[in-house]
Amino acid sequence: MAVSTVYTTQSLNSTCSISTPAKTHLGSHQKHVVLFRRTSKRGSSGSCAIKCSAGDSQTVVIGLAADSGCGKSTFMRRLTSVFGGAAEPPKGGNPDSNTLISDMTTVICLDDYHSLDRTGRKEKGVTALDPRANDFDLMYDQVKALKSGVAVDKPIYNHVTGLLDPPELIKPPKILVIEGLHPMFDERVRDLLDFSIYLDISNEVKFAWKIQRDMAERGHSLESIKASIEARKPDFDAYIDPQKKYADAVIEVLPTQLIPDDNEGKVLRVRLIMKEGVKHFSPVYLFDEGSTISWIPCGRKLTCSYPGIKFHYGPDTYFGNEVSILEMDGQFDRLDELIYVESHLSNISTKFYGEVTQQMLKHADFPGSNNGTGLFQTIVGLKIRDLYEQITSSKTAAPLEATKA
Amino acid sequence: MATLRLHSLTGAREEIPTPSFVSNPRMLSPSFHCNKKRVSRRMTVNAMGGGAKYKGTLMREKQLTEMIEKKVTEAKQVCEGDETSDECKVAWDEVEEVSQAKADLRLRLEVEKKDPLESFCQENPETEECKVYEDW
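Description of the structure in this document. Predicted model, so just to flag it, every value in this text is computed and none were measured.

**Details of the overall build of chain B**
When helices and strands are counted, chain B shows four helices and zero strands. Along chain B, helices and strands appear, N-terminal first, in the series α-α-α-α. For chain B, restricting intrachain contacts to residue pairs at least 6 apart in sequence, the fraction spanning at least 24 positions comes to 75%. Carbon together with sulfur atoms contributes 51% to the accessible area of chain B, which is approximately 7,800 Å² in total.

Below, the structure is given as structure tokens:
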């Protein structure tokens, strides 16, 4: 760690944290302003290094609320892919770790903050959805530490054994994603998030997806799948669903309106609900911001097969917040449909023409690659990249201002 | 029981002297004597497709499959009395948890075609969990 300039100051501000020179700091990209306080007594150690983290040493934290397992979801994979590189579990560690690490991002599964393991929850009669099964103090402490560039020993919740395994070391990444049931439940954790997303799957679609997931399993039947969803619903509605209103972006997945009485859940209507006024985030739009548009891209230029594609865009309110909603109903059949649609969307934060299409093609085997879920997840990934770049460039600008004083 | 074995996997790391280069991991198998309880049924190669390569992964798959079945039965029993009871909720939540865990494993093997034990087994190729099956 090289100190390039030394300043003298009169007083030490409380915004600086006092820490021992850490071995955990990584990467030459980090810039620190290190202040040494000279002690008046001779012979005393006086090695109190007061470090103020400046520039891009602050981790950007993204929260994702989802009920579909953790760190392994396709959303996570699309997101990490936008930043380049594949996300892998930590090498050589616990094979049942839920964490995913790539060059830029680390994805943490919030199940790791369960305070009660499977046996404990059974004894107390609480589901994993219940806040009483989770240690929010630890979650807050560790997310805060990672955000300020300090590595943590995070517990591991083993989904196979249902036990809490010995912790794994997590080093502060450039982008930290916390995924799970309660990323926005605790107010302190919420305040640490630079951006938050809620994945809202409607009951009919949830049922259809769980049927696809479980029907091949011995032991499961339509009744058991239904019973499982029903039994978890009260806790879900009480503890998980209310987080929606805090999210900067909600991806709502509903059954299609293009096919009457469709209950297969294969064709989907997906709505991207974007909060207005969020720092570093400008909502995606069609044609012109703030207007209301209904758009069917299929016609003379583009022929689509049944049931086609339908878009809608417009302003709205959502739990008292001003939002813009971009909606897609239907499926992509061919590459040219995707490119055509991409060319008409604005504010998608791509770095080159066709980037959305390229990202979708890269993961053509992922679920949702031919509909709004894949499209909006990819777009949200690009918006997060944009947000990250804005935050890190604005942070490097700030210290220059301070030194002028 | 399979659980004990998994515990040893996730417990404290022992220093196992590994050869610097294992050219053919299959050479390590048959004469290994396991002093832990053995699973009575022979491991059958299941049709989960894709990348299941190590014994440990097969064991996890099998364990999860059995757990799903067992927990569904338990949940049905517990809920017979009172469907709105806490016990009933918790029982179905457990079913959901293991169903999702199984699905995640399946996704990793079939879509990503990677055995989750890959990186662990490269460091510890001599453990029981890292035996590679020759049947396929």
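Structure shown, so let's carry the discussion forward.
**A few points about the overall build of chain A**
A tally of regular secondary structure across chain A gives nine helices and 17 strands. With 405 residues in all, chain A has 55% of them scored as buried. Taking contacts inside chain A between residues at least 6 apart in sequence as the whole, the part at least 24 apart equals 66%. Surface exposure of chain A reaches about 18,800 Å², of which carbon and sulfur atoms provide 52%.

**Structural notes on the sheet that holds strand 10 (residues 195-201) of chain A**
Backbone-to-backbone hydrogen bonds pair the strands of a sheet. The strands run either parallel or antiparallel. All names here are of chain A. Reading across the sheet, the ten strands line up as 5-6-9-4-10-11-12-16-15-14 and stay open at both edges, with mixed pairing between neighbours. In this open sheet, the two edge strands, each paired with only one partner strand, are strand 5 (100-101) and strand 14 (293-295). In the sheet, strand 10 pairs with strand 11 (residues 249-255) via five bridges, with the strands oriented parallel. In the strand pairing of strand 11, Leu 199 is matched with Ile 251. Lying over the sheet, helix 5 (residues 203-214) contacts strand 10, strand 11 and strand 12 (268-275), oriented at roughly 75 degrees with respect to strand 11.

**Some thoughts on the environment of Thr127(A)**
As for its placement among the helices and strands, Thr127(A) is situated in the loop between helix 2 (118-124) and helix 3 (136-147). Here the alpha-carbon distance between Thr127(A) and Leu116(A), two residues eleven residues apart in the chain, equals 9.7 Å. When residues no more than four places from it in sequence are discounted, the contact partners of Thr127(A) are Arg121(A), Ala133(A), Asp235(A), Lys89(B), Val90(B) and Asp93(B). Looking at Thr127(A), its side chain comes within polar contact range of the side chain of Asp235(A), at 2.6 Å.

**A look at the packing of helix 5 of chain A against helix 3 (residues 86-110) of chain B**
In contact at an axis separation of 10 Å, helix 5 of chain A and helix 3 of chain B are set at 65 degrees when each is read in the N-to-C sense. Here helix 3 of chain B runs roughly perpendicular to helix 5 of chain A, going by the angle between their axes. Between helix 5 of chain A and helix 3 of chain B lies a crossing of left-handed hand. The residues of helix 3 of chain B that touch helix 5 of chain A, namely those facing Lys210(A), Arg213(A) and Asp214(A), are Glu96(B), Ser99(B), Gln100(B), Ala103(B) and Arg106(B). Residues of the contact of helix 5 of chain A with helix 3 of chain B, tallied by class, amount to one nonpolar, two polar and five charged.

**What about the pattern of salt bridges?**
Per the counting criterion, the structure on display carries 36 salt bridges over all chains. Lys233(A) is the salt-bridge partner of Asp237(A), the closest N and O atoms lying 3.0 Å from each other. Of this pair, Asp237(A) and Lys233(A) both sit in helix 6 (residues 222-240), four residues apart, roughly one helical turn. Linked through salt bridges whose partners overlap, the residues forming this network are Asp67(A), Lys206(A), Arg232(A) and Asp93(B).

**Brief notes about the side chain of Gln142(A)**
Position of Gln142(A) among the secondary structure elements: in helix 3. Using a relative accessible area of 8% as the deciding quantity, one classes Gln142(A) as buried.

**A closer look at the state of the cysteines**
All names here are of chain B. The tally for this structure, following the rule as stated, stands at three disulfides over all chains. Across a sulfur-sulfur distance of 1.9 Å, Cys 79 and Cys 88 are joined as a disulfide pair. Judged by the sign of its S-S torsion, about 105 degrees, the cystine formed by Cys 79 and Cys 88 is right-handed. Judged by its relative accessible area of 8%, Cys 79 is buried. The disulfide bridge from Cys 121 ends at Cys 130, spanning 2.0 Å between sulfur atoms. Measuring the twist about the S-S bond at about -80 degrees, one finds the Cys 121-Cys 130 disulfide to be left-handed. Comparing Cys 121 with Cys 130 shows no difference in burial state: the two are buried. Sequence-ordered numbering of the bonded cysteines in chain B yields a pairing of 1-2, 3-4.

**As for the pairing of strand 10 of chain A**
All names here are of chain A. Summarising burial for strand 10: seven of the seven residues are buried, a large majority. Both faces of strand 10 are covered, namely the face carrying Phe 195, Ile 197, Leu 199 and Ile 201 and the face carrying Ser 196, Tyr 198 and Asp 200. Where strand 4 (residues 60-65) meets strand 10, four bridges bridge the pair, whose relative direction is parallel. Bridge assignment links Ile 62 to a residue of strand 10, and that residue is Phe 195.

**Observations concerning the side chain of Lys275(A)**
All names here are of chain A. Structurally, the position occupied by Lys 275 is in strand 12. It is Asp 248 that comes nearest to the buried, bridge-free Lys 275 among opposite-charge side chains, at 4.4 Å. At 3.5 Å, the side chain of Lys 275 and the backbone oxygen of Tyr 246 are in polar contact. When near neighbours in sequence (up to four residues on either side) are disregarded, Lys 275 contacts Lys 245, Tyr 246, Ala 247, Asp 248, Phe 281, Pro 283, Asn 321, Glu 322 and Val 323.

**Quick word on the interface of chain A and chain B**
How big an interface is tends to be stated in terms of the accessible area lost upon association of its parts. At the interface, 44 residues of chain A touch 43 residues of chain B. For the pairing of chain A and chain B, the buried interface totals around 3,900 Å² over both sides, and the portion due to carbon and sulfur atoms is 52%. Summed over the shared surface of chain A and chain B, the number is twelve salt bridges. In this structure, the salt-bridge partner of Lys122(A) is Glu74(B), at a minimum N-O distance of 3.5 Å.

**Comments concerning helix 3 of chain A**
Residue and element names in this part refer to chain A. Between its first and last C-alpha atoms helix 3 spans 16 Å; for twelve residues at 1.5 Å apiece the expected length is 16 Å, and the two agree. Taken residue by residue, helix 3 has Phe 136, Met 139, Tyr 140, Gln 142, Val 143, Ala 145, Leu 146 and Lys 147 as its buried positions. Close packing links the buried residues of helix 3 with strand 4, strand 6 (105-109), strand 7 (152-157), strand 8 (164-170), strand 9 (175-180) and helix 4 (187-192). A side-chain oxygen of the first residue of helix 3 lies 3.3 Å from the backbone nitrogen of Asp 137; this N-cap is Asp 135.

**A few points about a nonpolar patch on the surface**
All names here are of chain A. On the surface, Leu 335, Ile 339, Tyr 353 and Leu 361 cluster together into a nonpolar patch covering about 400 Å² of accessible area. Tracing the backbone through its elements, the reader meets Tyr 353 in the loop between strand 17 (345-346) and helix 8 (355-362). When its relative accessible area of 62% is taken as the criterion, Tyr 353 is described as exposed.

**Remarks on the pairing of strand 7 of chain A**
In terms of burial, strand 7 of chain A is largely enclosed, as five of its six residues are buried. The turn joining strand 7 of chain A and strand 8 of chain A, which pair antiparallel and follow one another in sequence, is formed by six residues; a positive phi near 80 degrees is taken by Gly162(A).

What counts as what
- Residues numbered from 1 in each chain as written.
- Chains lettered and ligands numbered in written order.
- Predicted model: local features only at pLDDT ≥ 70, side-chain atom pairs only at ≥ 80, totals over all residues.
- Heavy atoms only, no water.
- Helix = DSSP H or I, 4+ residues; strand = E, 2+ residues; numbered from the N terminus.
- Contact = heavy atoms within 4.5 Å.
- Areas by Shrake-Rupley, 256 points an atom, 1.4 Å probe, with all protein chains shown as cover.
- Buried < 20%, exposed > 50% of the residue type's maximum accessible area, 1.4 Å probe, protein only.
- Pairing = 2+ DSSP bridges.
- Axes fitted to C-alpha atoms, helices over the stretch in contact; angles between N-to-C directions.
- Polar contact = N/O pair within 3.5 Å; in protein donor to acceptor, adjacent residues only side chain to side chain.
- Parallel < 35°, antiparallel > 145°, perpendicular 65-115°, else oblique.
- Left-handed = near helix turned anticlockwise from the far one by under 90°.
- Nonpolar A, V, L, I, M, F, W, Y, C, P; charged D, E, K, R; others polar.
- Salt bridge = Lys/Arg side-chain N within 4 Å of Asp/Glu carboxyl O.
- Disulfide = S-S within 2.5 Å.
- Lys, Arg positive; Asp, Glu negative; His and termini not counted.
- Buried area = accessible area lost by both parts, 1.4 Å probe.
- Expected span 1.5 Å × (residues − 1).
- Patch = residues over 30% accessible without salt bridge, like charges linked within 9 Å, V, L, I, M, F, W, Y side chains within 5 Å.

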